[in-house]
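The chain contents come next:
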Amino acid sequence: MSTMLHKEGLKNLENNLIDDNELELYSGKTIHINSDNVYDDNTGTIDAFSKAQLDYDDSKSESANEQKNVRILYDAVKDDMSVGKAYNRMLWATLCHTVCFNYIKKRNKGGRHTVDINKRIKDADLTDSKQKKKITALITKNFFITTASYRQLERNHIAKLWLVADKTYRCWERFPGLEKLKQDDSYYYTDIALYSMDVFQAVFERNDKIAKHPQILNGILYYFSLNPSALTKKSARKWYQTFIKEIVCRLVVNPVYLNFSLDSFMEFLEEIAEDISI
Amino acid sequence: MANYPHPILGNSDDYNSSSFFKLIPGTRERTDKKHPKGEGWLLINDLKYEINNKSLESLIKEKSAKIFCEITCPGLSSFSRSVELIEGAKFEVKQNELRGKVLLIPRIVATEDINDVVFKDTNSIFDGRKFQINVNDLLAQGDIKSFLHYPPFDEDMATEKESLIRFGPIDEDYVSYGTDSNGITIRIPKKIWASYNRNKRGKPSYINTLYCVPIIQNILRDHLNNKISQDWKATIQKDVEKYELTEESDNKELFDVSQKIIERAISNASYINAAKEID
């Protein structure tokens, strides 16, 4: 049986960050959590995450890495996870300090992130308050979820993988009205959502109105699959950002998700696509 | 609410009279394994509405518009489902999908393109004006109802260190309890310890009802008789004040209050966090 941080334990771990020696421990290969800070997790959740052997390959893109790791993670945890559990800060802090400790570090070196956490901590002069503040923020950002919010889940490298799969995995079986979206690959739409970090941000992060409605989210990903140029053409980024912004605006007065039908939603998207002059 | 591209009627906006469209949320029910879909479902039964606007009523009658209730969880910003408000409408969701404040938003949307609609009983600026409505356009929104929901299985992910009540096995054949500076320890006979653990995971409310209710009843009595001296009595005192218990309170009153405390613990895990209150 695995252990998990309890509330007091999480608080202790966060409070420890004022101590220079504790900060330096984050540059090591593992980090020790005092047994007083944890309790036995008899729900099997931590055990399930422990089975997911995530790895980050520097030679591949962030997207390729996340498309690979999301399958490993979600296959291992899908039966033991729920939204209720996801909003537990102790869960993610435990994972980031134990089974996912090294993945978090490697992930931070991927793509635009050139941060070698170990090096930054080792090179920092922690007696200098500004440098110490930066290191503390770096550790907080990567190894903790500061508030139990959707935005924080999107930003944590482990929680994000669970979140994106939970919204897209076999969506045709899990959400009404999406039966036509059936594909051989259970993660077909997950891969599209992780096509690039910017696509992920566009559909998940910049506005929560999209991901909140699984039919809208997967309907848009389906539209992208039918119109791949939307993601690949020249100026694609500007195009799909405008496209999604327009969808969000129209949902206010035209809440297509209430009486959802895939066909009429596709028409709704076509209409918007025609109206965009980029 | 924006009047774009037509008025969207609300009880406090664009409509002249009061409360023209309202949701009657029905009863809420939590289920465990007795529900055919398995354990941990939240049901909202018998969702109804009242409407008092001729234009909208006739659009609904002609099936040009439908009424929906959107159920959303703003705290999560990741949950939204809708159910059509027809007779006997009910909503089912896995309890773990929701957490915190849940909003029920009644809305009326067009189900087809409608030409030249004239809304009645609206602000004078709309008098006699004809509007072109598109399919899925929002026509009206009623007052939002809300309730708090915390999944009962939250305690699976909480820590026993934070709870006033802890459990442990004993050799004897009967259930007993004791108190110390950390709270209350309920001792379960070893011969049923395995069964207790199974129920703790699958049916925590069963454990609460079976073991915690009678013991909290005793603790309340002990507290009223000044027999509890530990720091955590402050937590008990809060409930004594809240439920206006006195030394004169009889066993039935104590039993009722202990049930309410456990009910609250199931719904928002308050007793799970009780230890924190005395920090």
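All of these numbers come straight from a predicted model, not from anything done at the bench.

### Notes on the packing of aromatic side chains
Now for step 1: Counted according to the given criterion, the structure contains 22 aromatic pairs over all chains.
Now for step 2: Ring geometry for Tyr26(A) versus Phe101(A): centroids 6.3 Å apart, planes at 50°, classification tilted. Residue Tyr26(A) is found in the loop between α2 (20-25) and β2 (38-40), and its partner Phe101(A) is found in helix α7 (residues 101-107); the two are separated by 75 residues along the sequence.
Now for step 3: Note on Tyr26(A): relative accessible area 3%, which makes it buried.
Now for step 4: For Phe101(A), a relative accessible area of 1% corresponds to the buried category.
Now for step 5: Following the ring pairs from residue to residue traces out a cluster consisting of Tyr223(A), Phe224(A), Trp239(A), Tyr240(A) and Phe243(A).
Now for step 6: One Lys or Arg, Lys160(A), reaches over the ring of Phe200(A) and ends 4.4 Å from the middle of that ring.
Now for step 7: Note that Arg28(B) overlies the ring of Phe147(B), its terminal NZ or CZ placed 4.0 Å from the centroid.

### Observations regarding the packing of helix α14 (residues 197-205) of chain A against helix α18 (residues 236-253) of chain A
All names here are of chain A.
Now for step 1: Two elements in contact, α14 and α18, have axes separated by 10 Å at closest approach and are oriented at 10°. Between α14 and α18, the crossing angle belongs to the class labelled roughly parallel. The residues of α18 that touch α14, namely those facing Asp198, Val199, Ala202 and Val203, are Arg237, Tyr240, Gln241 and Ile244.
Now for step 2: Taken together, the residues of the contact of α14 with α18 sort by class into five nonpolar, one polar and two charged.

### Observations regarding the pairing of strand β7 (residues 89-94) of chain B
Residues and elements named next belong to chain B.
Now for step 1: Of the two faces of β7, the one lined by Ala89, Phe91 and Val93 is fully buried and the one lined by Lys90, Glu92 and Lys94 carries no buried residue.
Now for step 2: Sheet topology places strand β4 (residues 41-51) next to β7; five bridges connect them, and they run antiparallel. Each bridged residue has a counterpart across the sheet, and for leucine 42 the counterpart in β7 is valine 93.

### Comments concerning helix α6 (residues 89-97) of chain A
Now for step 1: The buried fraction of α6(A) is high, at eight of nine residues.
Now for step 2: Those residues of α6(A) lying buried are Met90(A), Leu91(A), Trp92(A), Ala93(A), Thr94(A), Leu95(A), Cys96(A) and His97(A).

### Regarding the confidence of the model for chain B
Residue and element names in this part refer to chain B.
Now for step 1: Per-chain confidence: chain B averages 77 in pLDDT, with 80% of residues scoring 70 or above.
Now for step 2: Mean pLDDT across the secondary structure elements of chain B bottoms out at helix α6 (residues 274-277), with 30, and peaks at strand β5 (residues 65-72), with 93.
Now for step 3: Here residues 153-162 scores under 50 on pLDDT; set against residues more than four positions off or in separate chains, the count is 40 contacts.
Now for step 4: Every residue in residues 267-279 scores below 50 in pLDDT, and together they form 34 contacts with partners more than four places removed in sequence or on other chains.

### Focus: the sheet that holds strand β14 (residues 176-180) of chain B
Through backbone hydrogen bonds, the strands of a sheet pair up, either in parallel or in antiparallel fashion.
Residue and element names in this part refer to chain B.
Now for step 1: The strand order across the open sheet built from three strands is β13-β15-β14, with neighbouring strands paired in mixed fashion. Because the sheet does not close on itself, it has two edges, and the strands there are β13 (165-170) and β14. In this sheet, neighbouring strand axes are inclined to one another by 30° on average, regardless of whether the strands run parallel or antiparallel.
Now for step 2: Sheet topology places β13 next to strand β15 (residues 183-189); six bridges connect them, and they run parallel. Paired with isoleucine 170 across the two strands is proline 189, which belongs to β15.

Cut-offs and rules
- Residues numbered from 1 in each chain as written.
- Chains lettered and ligands numbered in written order.
- Predicted model: local features only at pLDDT ≥ 70, side-chain atom pairs only at ≥ 80, totals over all residues.
- Heavy atoms only, no water.
- Phe/Tyr/Trp six-rings, centres within 6.5 Å; stacked < 30°, edge-to-face > 60°.
- Helix = DSSP H or I, 4+ residues; strand = E, 2+ residues; numbered from the N terminus.
- Buried < 20%, exposed > 50% of the residue type's maximum accessible area, 1.4 Å probe, protein only.
- Lys NZ or Arg CZ within 6 Å of the ring centre and 35° of its normal.
- Axes fitted to C-alpha atoms, helices over the stretch in contact; angles between N-to-C directions.
- Parallel < 35°, antiparallel > 145°, perpendicular 65-115°, else oblique.
- Contact = heavy atoms within 4.5 Å.
- Nonpolar A, V, L, I, M, F, W, Y, C, P; charged D, E, K, R; others polar.
- Pairing = 2+ DSSP bridges.
- pLDDT = per-residue confidence, 0-100.

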